[in-house]
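# Report on the structure
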Amino acid sequence: MVRPQICRSLLFQPDINVYLSRHLQTTSLHATRHRSNHTPLAPTLISNSPLPLTIYQQARFLQDESFYTHNVTLEKLPGRNSTPYKRRKKADSNFTDIMVVKLSSGAGGDGNVSFLRESGRAKGPPDGGDGGDGGSVYVQPVEGETSLHKIRKRVVAESGRGGSSSQMNGRNGNDVIIKVPVGTHITLSPDYVLERENPPPGEGWIHLSGFKEYNIERDFFKDLKKRKVLDDRAQERIERIQDSFPPDGIDLARPGPPVLLLKGGRGGLGNQHFHTTDIRNPRFATKGRAGLSGVFRFELKLLANLGLVGLPNAGKSTLLRAISNARPRIGHWQFTTLTPSVGTISLDVATADKTFTVADIPGIIAGANLNRGMGTDFLRHIERAGGLVFVIGLDSEDPIADLRVLMAELGPERMDGKRILVVATKADLPHTKVKYDPLVEFTKQRSWRTIPVCAIRKSKDIEILIRVMAETAGILK
C-alpha cells in the first residue's frame, strides 16, 4: 500500500463529488468549517501541476455564508509515479572525473599569557599553555570509489585551539582525510603558489593587555626577539620542505595509507616557556603559525587492464555486459554510454584466481580531438591500460574506415607500447563476412589479432573472446 502524500490544494466546483466518483479512489473525507465573508471566487483546477497531487480540496465560497473545505486523501493517483524519491535510482550524472578543489590546512593556536593564582599569594609563576597544532589535509586512495563527485570544492581543516591557564595546552585541530578512487592524479594549479602568510621573523607576539609598550622597551625582550628570528627562520626551512609539492603531481595508482598534501601550522608558545632568572613575570606569548592554502586539480584515470575503444553504437557496452558482470547502459542510439565504466572478468574455474578488468568509455567520432561529439576527454581512462580493444561493428558500411578513424583520434602516442586487439561485433548479421575478411587483412598488416563475436552471454565465441582478451591483457600466455 502506498502511503498517502499531502501536496498542494485545489479548488473545484461544487459538483466535485461527480468528478471524484468517476476518476478517483477516495479513502477519507474531512470537512472543516470556517466563517468567511469573502465574495464568491471562480473555481480553479490545477491538474497540470508538476507535483504529485494526492489531496484534493473542494472549496465553496458563498457570500455571507460559511466556507467549507473538504480534503480527499488518495492512495494512488493513476498515471503518476508513486515510488518515493529516496528509493529512485540515482542518475549517471553523478560521475565526475575532474575536480578543482581549494584545500586549506588549519592554523596553529596561540599561546596563553597566564599566572598561577593561589590563596595567600598575590601572583604566582607563569602557567600559560601552548596552542594546539592546526589540522592537516591528507588524501587517501581507496578501493570501491569510482567517481570524484563526493569531494567538496572547498575543504578546510580545523585550526588548533589556543592554550589556557594551569599549563593546559590547546587541542590540536582535526585532520581532514579526502578519500579518492584509485587512479587519481593530483596536481597543483600553475597559477597558485603554496606560501604561508606568517609575520616576519621575530614578530608574532601576544602581549598582556596594557603591557605591549613596556615589553618592547625591555632589554630581555629585545634579546628574545633576536632568538625568535633564528627560530622562525629554522621553522620556515622546515615548512618549506613540508610544503613542497612535486611539479608533476601525485599519482595515486594503488590503495595505500593517507598521503599528506598540506601540513597544519605549529601552535604558539605560552608564557611559561619564557620564565627565567632574568624574566620573572613574562607578560607575553607567541602566536601560532599560519596554515597553508592551495588550489588542486583532481583527475581520475581509471585503472584497467584493457580499454574498449569504438565508435558510438558499435556494441562496446553490450560486449562488456556479455563478458563481465558490469551493467552499463545499452540502447540502439548513439552516445548511449555517457560515463566510463569498468568490468571485472574472471576466467574459468581452473584459473579462478586470475582476473582482469576492462574499461568502457563513451564512443569516439571523427573530429573528437576538435571537441566534436563527446570529445577525447574520456581517453585519459585508457592511458593506464596495458592493451586496447578496438570494437568495430560489422553493421557499418566500411569497418576499415571506422578503424582508421579510431586510430587517428587516439594518435600514435596513446597506442605506443600497447597490445591491440580488434573485436568485430554483430557478426550474427547477414552478409557480414564480406566486410570481415578485408578487416582481417588490414589488421594483419599491423600484427593485430582480430576476432568476430556476437555479444550474447554464454555463447561459444564469447568464451573464446575472453581467452583472447586475457592474453592481450597479459594475464595468460
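Worth saying up front: this structure is predicted, and the values here are computed from it rather than measured. (Residues numbered from 1 in each chain as written. Predicted model: local features only at pLDDT ≥ 70, side-chain atom pairs only at ≥ 80, totals over all residues. Heavy atoms only, no water.)

### Considerations on the overall build of the protein chain
Along the backbone of the protein chain there are 8 helices and 19 strands. For the protein chain, the residues scored as buried account for 45% of the 477 residues in total. If you take every contact in the protein chain between residues at least 6 apart in sequence, the share linking residues at least 24 apart comes to 76%. Surface exposure of the protein chain reaches about 26900 Å², of which carbon and sulfur atoms provide 50%. (Helix = DSSP H or I, 4+ residues; strand = E, 2+ residues; numbered from the N terminus. Buried < 20%, exposed > 50% of the residue type's maximum accessible area, 1.4 Å probe, protein only. Contact = heavy atoms within 4.5 Å. Areas by Shrake-Rupley, 256 points an atom, 1.4 Å probe, with all protein chains shown as cover.)

### Notes on the packing of helix H5 (residues 399-410) against helix H7 (residues 433-444)
Between H5 and H7, the least distance of the axes is 9 Å, while the angle of their chain directions is 40°. Comparing their axes, H7 and H5 come out oblique. For the pair H5 and H7, the contacting residues are Pro-399, Ile-400, Leu-403, Arg-404 and Met-407 in the first and Lys-435, Pro-438, Leu-439, Phe-442 and Thr-443 in the second. Here the contact of H5 with H7 is composed, by residue class, of 7 nonpolar, 1 polar and 2 charged. (Axes fitted to C-alpha atoms, helices over the stretch in contact; angles between N-to-C directions. Parallel < 35°, antiparallel > 145°, perpendicular 65-115°, else oblique. Nonpolar A, V, L, I, M, F, W, Y, C, P; charged D, E, K, R; others polar.)

### A word on the layout of surface pockets
Of the voids in this model, the second largest pocket is the one considered here, and its volume is about 440 Å³. Together, 24 residues line the second largest pocket, and Trp-205, Lys-228, Leu-269, Phe-274 and Thr-286 are the ones closest to its centre. Residues that form the lining of the second largest pocket fall into these classes: 7 nonpolar, 8 polar and 9 charged. (1 Å grid on protein atoms, 1.4 Å probe; cavity = no way out; pocket = protein on both sides within 12 Å on 5 of 7 lines; lining within 4 Å. Points joined across faces, edges and corners; volume = space filled by probe spheres on them.)

### Comments concerning the environment of Gly-131
By the element assignment, Gly-131 lies in the loop between strand E4 (98-104) and strand E5 (137-142). Here the alpha-carbon distance between Gly-131 and Met-168, two residues 37 residues apart in the chain, equals 9.0 Å. With residues near it in sequence (within four places) discarded, Gly-131 still touches Gly-109, Asp-110, Gly-111, Arg-161, Gly-162, Gly-163, Gly-170, Gly-267 and Gly-268.

### A closer look at helix H3 (residues 219-242)
One turn of an α-helix holds 3.6 residues; hence residues three or four places apart share an orientation. With 24 residues, H3 ought to run about 34 Å at 1.5 Å a step, and its terminal C-alpha atoms sit 35 Å apart, in line with that. The set of residues buried in H3 consists of Phe-221, Leu-224, Lys-228, Val-229, Asp-232, Gln-235 and Glu-239. (Expected span 1.5 Å × (residues − 1).)

### Describing the sheet that holds strand E13 (residues 293-300)
Strand order in this open sheet of 5 strands is E6-E4-E13-E8-E10, and the pairing throughout is mixed. The open sheet has two free edges, formed respectively by strand E6 (154-156) and strand E10 (250-252), since each of these has just one partner strand. The sheet shows a mean angle of 25° between the axes of neighbouring strands, direction not considered. Pairing geometry for strand E8 (residues 184-188) and E10, over 3 bridges, is antiparallel. By the bridge assignment, His-185 is partnered in E10 with Asp-251. (Pairing = 2+ DSSP bridges.)

### A word on the pairing of strand E16 (residues 355-360)
The buried fraction of E16 amounts to 5 of the 6 residues, a majority that puts the element mostly inside the structure. Bridge count between strand E14 (residues 306-310) and E16: 3 bridges; the pairing is parallel. Following the sheet pairing, Leu-306 is matched in E16 by Val-358.

### Quick notes on the side chain of Arg-196
For Arg-196, the position within the fold is in the loop between E8 and strand E9 (205-207). Within polar-contact distance, the side chain of Arg-196 engages the backbone oxygen of Ala-290 at 2.8 Å. Among all residues touching Arg-196, those that are not within four sequence positions of it are Ser-105, Glu-239, Asp-243, Lys-263, Gly-264, Gly-265, Ala-290, Gly-291 and Leu-292. (Polar contact = N/O pair within 3.5 Å; in protein donor to acceptor, adjacent residues only side chain to side chain.)

### Quick word on helix H4 (residues 316-323)
Judged by how many residues are buried, H4 sits mostly within the fold: 6 of 8 residues are covered. Taken residue by residue, H4 has Lys-316, Ser-317, Leu-319, Leu-320, Ala-322 and Ile-323 as its buried positions.

### Details of the packing of H4 against helix H8 (residues 460-473)
Relative to each other, H4 and H8 sit at 95°, their axes nearing to 10 Å. Comparing their axes, H8 and H4 come out roughly perpendicular. On H8, the residues that touch Leu-319, Ala-322 and Ile-323 of H4 are Ile-462, Leu-465, Ile-466 and Met-469. Grouping the amino acids of the contact of H4 with H8 by side-chain chemistry returns 7 nonpolar, no polar and no charged.

### Things to note about the sheet that holds strand E11 (residues 259-262)
What the 3 strands build is an open sheet, ordered E7-E5-E11; its pairing is mixed. Strands with a single pairing partner mark the edges of an open sheet, and in this sheet they are strand E7 (176-181) and E11. Ignoring which end each strand starts from, the neighbouring axes of this sheet average 35° apart. The sheet contact formed by E5 and E11 spans 3 bridges and is antiparallel. Looking at E11, one finds that Val-139 is bridged to Val-259.

### Remarks on the environment of Gly-315
The topology assignment puts Gly-315 in the loop between E14 and H4. Once the C-alpha coordinates of Gly-315 and Ile-392 are considered, the two residues, 77 residues apart in sequence, prove to be 7.9 Å apart.

### What about the packing of aromatic side chains?
Tallied over the entire structure, the rule returns 9 aromatic pairs. Measuring from centroid to centroid gives 5.3 Å for Phe-245 and Phe-296, while their planes differ by 65°, and the two rings are edge-to-face. One end of the pair, Phe-245, is in the loop between H3 and E10; the other, Phe-296, is in strand E13, and 51 residues separate them in sequence. Residue class for Phe-245 comes out buried when judged on its relative accessible area of 16%. (Phe/Tyr/Trp six-rings, centres within 6.5 Å; stacked < 30°, edge-to-face > 60°.)

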